[in-house]
Structures are given as C-alpha cells and as structure tokens.
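What follows is the residue order along each chain.
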Amino acid sequence: MPTDRIAVLRAWLGGRWSGWSLRSPEDVERRQTRLWRAMVPVIHQTPAVSALAGHPLADFPIMSPDHLRGAFDAWNTLGLTRTETEGVVAGFSTGSSGRRGLFVTSAAERAGWVGHILARLLPADALLRSTRIALCLRADNQLYSDVESAGPIRFLFVGLERPARERFDQLRDFTPDVLIAPPQVLADLARRTDQPWSLRRLFYGAEPMGEAERSWIGSVLGVRPDPIYQATEGFLGAACRFGTLHLNEDVLIVEREAVPGSNRFVPIVTDLRRTTQPMIRVRLPDLLEPLAAPCPCGSPLTAVHPVEGRLEDLWRWPGAVVCPREVETAVSGILGPEHDWRALATPGGVRVEAEPDRIETAKSVVETLLAGHGVAVPVTAGGRAIQDSVKRRRVRWSDG
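These numbers come from a predicted model, not from an experiment.

Scoring rules and cut-offs
Residues numbered from 1 in each chain as written. Predicted model: local features only at pLDDT ≥ 70, side-chain atom pairs only at ≥ 80, totals over all residues. Heavy atoms only, no water. Helix = DSSP H or I, 4+ residues; strand = E, 2+ residues; numbered from the N terminus. Buried < 20%, exposed > 50% of the residue type's maximum accessible area, 1.4 Å probe, protein only. Areas by Shrake-Rupley, 256 points an atom, 1.4 Å probe, with all protein chains shown as cover. Expected span 1.5 Å × (residues − 1). Arc of directions from axis to C-beta. Phe/Tyr/Trp six-rings, centres within 6.5 Å; stacked < 30°, edge-to-face > 60°. Lys NZ or Arg CZ within 6 Å of the ring centre and 35° of its normal. Right-handed = clockwise from strand over helix to strand, strands pointing away. 1 Å grid on protein atoms, 1.4 Å probe; cavity = no way out; pocket = protein on both sides within 12 Å on 5 of 7 lines; lining within 4 Å. Points joined across faces, edges and corners; volume = space filled by probe spheres on them. Nonpolar A, V, L, I, M, F, W, Y, C, P; charged D, E, K, R; others polar. Core = buried A, V, L, I, M, F, W, Y, C linked by side-chain atoms within 4.5 Å. Contact = heavy atoms within 4.5 Å. Axes fitted to C-alpha atoms, helices over the stretch in contact; angles between N-to-C directions. Parallel < 35°, antiparallel > 145°, perpendicular 65-115°, else oblique.

Undergrad: So, the overall build of the protein chain: which residues are in play, and what are the values?
TA: Helix and strand counts for the protein chain stand at 11 helices and 19 strands. Counting every position in the protein chain, which comprises 400 residues, the buried fraction comes to 56%. Working note: accessible area of the protein chain is about 17,200 Å², and carbon and sulfur atoms make up 54% of it.

Undergrad: An account of helix α2 (residues 25–38) is needed here, citing residue identities and associated values.
TA: The end-to-end C-alpha distance of α2, which contains 14 residues, comes to 20 Å, matching closely the 20 Å that a straight helix rising 1.5 Å per residue would cover. Residues D27, V28, R31, Q32, L35 and W36 constitute the buried set of α2. With its buried residues spanning 165° around the axis, α2 presents them on a single face. Of the exposed residues in α2, the ones pointing more than 90 degrees away from its buried face are E29, R30 and R37.

Undergrad: Give a description of the packing of aromatic side chains that names residues and reports values.
TA: Overall, the coordinates contain 4 aromatic pairs when judged by the stated rule. Their ring planes at 80° and their centres at 5.4 Å tell us that W36 and F60 sit as a pair that is edge-to-face. Taken as a pair, W36 in helix α2 and F60 in the loop between α3 (40–44) and α4 (65–70) lie far apart in primary sequence, 24 residues in all. On the basis of relative accessibility, which here comes to 2%, the residue F60 falls in the buried class. Here F168 and W197 contribute two aromatic rings whose centre-to-centre distance is 5.9 Å and whose plane-to-plane angle is 80°, an arrangement assigned as edge-to-face. Of the two residues, F168 sits in helix α7 (residues 164–174) while W197 sits in the loop between α8 (183–192) and β6 (201–204), which places them 29 residues apart along the sequence. Taken together through their ring pairs, the aromatic side chains of W315, W317 and W397 make up a single cluster. Its guanidinium or amino end placed over the ring of F174, R132 lies 4.7 Å from that ring's centre, counting from NZ or CZ.

Undergrad: Pulling in residues and values, what's your account of the pairing of β6?
TA: Both faces of β6 are covered, namely the face carrying R201 and F203 and the face carrying L202 and Y204. For the crossover from strand β5 (residues 178–181) across α8 to β6, the handedness is right-handed.

Undergrad: Explain the layout of surface pockets to me, and be specific about the residues and the numbers.
TA: By volume, the second largest pocket is sized at about 590 Å³. Forming the boundary of the second largest pocket are 23 residues, of which R16, G19, R120, C240 and R241 lie nearest the centre. Those elements giving two or more residues to the lining of the second largest pocket turn out to be α1 (5–21) and α5 (107–121). Top contributing element to the lining of the second largest pocket by residue count: α1, with 5 residues. Of the residues in the lining of the second largest pocket, the class split is 11 nonpolar, 6 polar and 6 charged.

Undergrad: Lay out the nonpolar core with the relevant residues and their values.
TA: With 30 residues, the main nonpolar core has W36, I43, F60, Y229, I280 and L288 as its most contacted residues. Among the secondary structure elements, those contributing two or more residues to this core are α2, α3, β9 (245–247), β10 (252–258) and β11 (265–271). With 3 residues, β10 is the largest single contributor of residues to this core. Those residues in contact with W36, other than ones at most four positions away along the chain, are I43, H55, P56, L57, F60, T270, L272 and I280.

Undergrad: Residues and numbers for the packing of α7 against α8, please.
TA: One way to put it is that α7 packs onto α8 with a least axis distance of 10 Å and a crossing angle of 80°. Judged by the angle between their axes, α7 and α8 are roughly perpendicular. Mapping the contact onto sequence places A164, R165, R167, F168 and L171 in α7 and V185, D188, L189 and R192 in α8. For the contact of α7 with α8, a count of residues per class yields 5 nonpolar, no polar and 4 charged.

Next comes the structure, spelled out in structure tokens:
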C-alpha cells in the first residue's frame, strides 16, 4: 500500500508546528487534554476498555507490554485476531529478551509516524531535498519502507544479521546523509573507519550508549550520535539540536513511576494518536533520568538522559542501588570507550568480562565503584561467558 504523501506532509507540518508553538508545560498539557478527548471514539471501539470511554486517564488500568500483546484481540479497534492482521501489520518489535511483540497500524497511522519522525529528526528541508537514509536493525517492516515513498528520499535497510564487514561496505557504498543504528553497530563502524563519513545526522537506539562511547564514535565518524527513543509502543522521544533526548509529549502522555533508591523513573505511556492498536497507560521497563537543569533548546517537552537500560538491569543490594549509567561511566572511562566489556551482578557478587589485557583493570574499577556504595560482595573476572541475546546489554542483573 503506497504511502499517502498528503498525510505524511500533514503530519510533518504538525510536528514542525508543535515544535514551534508549544512554548510552556501548560501549552503541552492543553494539547494533551485535547488529543485525549479526541480518543473517546477509539476507546469505545477497543473491547478491553470500551466501558471507560469518556473517563479520565487515571481510571484506566496500568499494564505491561506483555499483557497488551497477550490480549491482542481485545486491544485493537478492528476486531482482529492475531491471525487476521493481513494488510495492517507494521511489524514486530526487536525484543530485548528475544520475544518479538506484534504491533499493527493502519496506513494513515503509518503516514503520521513517517511525517512526525521526519519532523523531529531531520532538518526543515527534509521533504524538499534529496536525502539518503540508512537504517540498521534486526528486522525490516512496512514503517521503514514507507519512509522512502514520503518524498525525495532514498532509503536503505541493512539487517543486523549481515556480517560486519559486509554491513560496513554496504553502508559506505550507500554514503548516507542520515544513519540510524544500535550502538554496537556504530562502534563496529568506528573501529573499521579510517576517515570521517559524510553524514548530516547520526542516531542511535535500541541499546544504551555511554557518553564516553558517544564522544568517541562522534570523533571518528565525524558527527555526534544522538539518541532516538523508539519502541513497539511508539515513537517516544528524539534529540534536539543540542543532542538532548526529549519525550514526544506533543503526541504522548508520559506518567512517571519513581524507582526507589534513585532519581530514575519508568515511563507509563499513553499514545494519543494510535487508533488501530491503542496504547493506553503501558508501563515500560526503561530507566529514565530527568535532566537536572532545563535544556538550552528551550523546549517544554521533558528532557531526559538517554535510556540507560531496563529496570531489571539495576544492581541492588540491601541499602544500595547502583544504576547502569554509573557502571558504564566508570568502566568505559578507565578502559576507553573503544573497548568492549560486560558486567553481570547477582545478590552474591559481580562478574566482569573484558579484553584480556584490560580484565584486571575492569575488575578494579567495579570494586572501587561498589566500595563507594558500601557494597561488600566479591568481584570476579573471566572470559566471554556472558552473551547478549538480541541487544547489547553491558550492565545486567540476575537474581539467580
């Protein structure tokens, strides 16, 4: 089904307009209230919550993504079952644990997504000049191919299953203006690069990236990697011109659930534009930390540090919580951002893995970090026994 360019343009203009017109938190709240009221007919057509149509958001249950996906039949407005999604399937999530979640959107929603993401990520002339966009992810889907038909855009999808050398050559030959890829891919490109790329924008998502690695990759590839926050549950956040991640509260309501023992929160997301598979009060497991000071761009949209991991990645012992960013900053700051490593914590200790000539240094860094938190557990070092599943997770916790 071809992309409706008029709908894309309308969404693009809407995204550009909201970026200009929303000048205060009160402006954002008024817009959210208006869009929430417009969701009443959608809610009425959603079996799981039809009885709550017209109610305030606080009356709706908070649910996990797994619950939403498991109750797919009750959480779409077309009366679809999982086996009846032909024509509206946008794709599957990559799934940090390897479980891929089905999500569906209509052609109109896909056009809105394309327009909004182009408005938030690309320069103002993105639909007027030729732009080459490359995307590296685990799986392709209709959303991404729709981008190519939205304007004078050439689009290349490169699957993560391709061998690293082949992936590097394919991207180099394409000479993208915009590249979006997970940090592990960007780090591999940086290690293979002998001269800066001719990129206008560089984005990373799907995995955490520390500031040291971000700076190193930017210096090698010639442009700063900026975060993009995209999940099965929607396009959740994008970076401003200063590289700060802002939540897309022009089309979302993001409630905050505080994480005890830290200044982090996990977001409870309501998408105010999804009409085929509504996303209402979906509690995501992502760890977010608000910026301590307002972003210099002046946007009223909430500014947060890039996603540092999952709630389950917190290191936690009686009386102490260690956040993934603390571990990332400490270890990469000493080892060097170009070197890979992993750290797995359990109630009984921490296992650190790194390159052979840096393993003892990494072990010492973690021991110092834990001592600063008053945690007295053993730290061991070894080979590469800890394996990532789908996404790179340098900092992990296991209860077992």
